[in-house]
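Spelled out, the chains give:
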Amino acid sequence: MRMRTIEQAAEYLKAQDPGTALTKTALRRLVTTGGLPSVRVGTKYLIALENLDAFLAGETVEAPQPSVGLIRPVEVSR
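Everything in this summary refers to the structure shown in the same document. The structure presented is a predicted model; accordingly, all values stated were derived computationally and were not measured. (Residues numbered from 1 in each chain as written. Predicted model: local features only at pLDDT ≥ 70, side-chain atom pairs only at ≥ 80, totals over all residues. Heavy atoms only, no water.)

Focus: helix α1 (residues 6-16)
Right, on to step 1. For α1, the complete set of buried residues consists of Ile6, Ala9, Ala10, Tyr12 and Leu13. The buried residues of α1 occupy one face: seen down the axis, they fall within an arc of 155 degrees.
Right, on to step 2. Buried positions along α1 lie against β1 (3-5), α2 (24-32), β3 (44-48) and α3 (49-56). (Buried < 20%, exposed > 50% of the residue type's maximum accessible area, 1.4 Å probe, protein only. Helix = DSSP H or I, 4+ residues; strand = E, 2+ residues; numbered from the N terminus. Arc of directions from axis to C-beta. Contact = heavy atoms within 4.5 Å.)

What to know about the packing of α1 against α3
Each packed pair of helices is defined by two parameters, the angle between the axes and the distance between the axes.
Right, on to step 1. The contact between α1 and α3 brings their axes to 11 Å, and the two run at 55 degrees. In terms of axis orientation, α1 runs oblique to α3. For the pair α1 and α3, the sense of crossing is right-handed. Judged by residue contacts, Ala9, Tyr12 and Leu13 of α1 engage Leu49, Leu52, Asp53 and Leu56 from α3.
Right, on to step 2. Here the contact of α1 with α3 is composed, by residue class, of six nonpolar, no polar and one charged. (Axes fitted to C-alpha atoms, helices over the stretch in contact; angles between N-to-C directions. Parallel < 35°, antiparallel > 145°, perpendicular 65-115°, else oblique. Left-handed = near helix turned anticlockwise from the far one by under 90°. Nonpolar A, V, L, I, M, F, W, Y, C, P; charged D, E, K, R; others polar.)

Notes on the sheet that holds β3
What links the strands of a sheet is backbone hydrogen bonding, and the strands pair in either a parallel or an antiparallel sense.
Right, on to step 1. The three strands lie next to each other as β1-β3-β2, forming an open sheet whose pairing is antiparallel. Every interior strand has two partners, whereas the edge strands, β1 and β2 (39-41), have only one. With strand direction ignored, the average angle separating the axes of adjacent strands in the sheet is 40 degrees.
Right, on to step 2. The pairing of β1 with β3 spans three bridges and is antiparallel. Across the sheet, the residue bridging to Arg4 is Ile47, located in β3.
Right, on to step 3. Packing against the sheet, α1 makes contact with β1 and β3, and its axis sits at approximately 105 degrees to β1. (Pairing = 2+ DSSP bridges.)

And the structure:
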């Protein structure tokens, strides 16, 4: 995955489409409301560019599941 900060994702969009109407503020709003899946690392939100492209294409995008703090299932053979 190509993970980018909100600012970097906005620059990526601007490079792909110089006339885009989607601003950094709009991206931040999508991320903080959960409309666009992201991962929070410290105080930063990271967006997978693949998810951003899929979201803009109208596809359903699944949020990444955190693996920290979760109990993983263990198979027990008897």
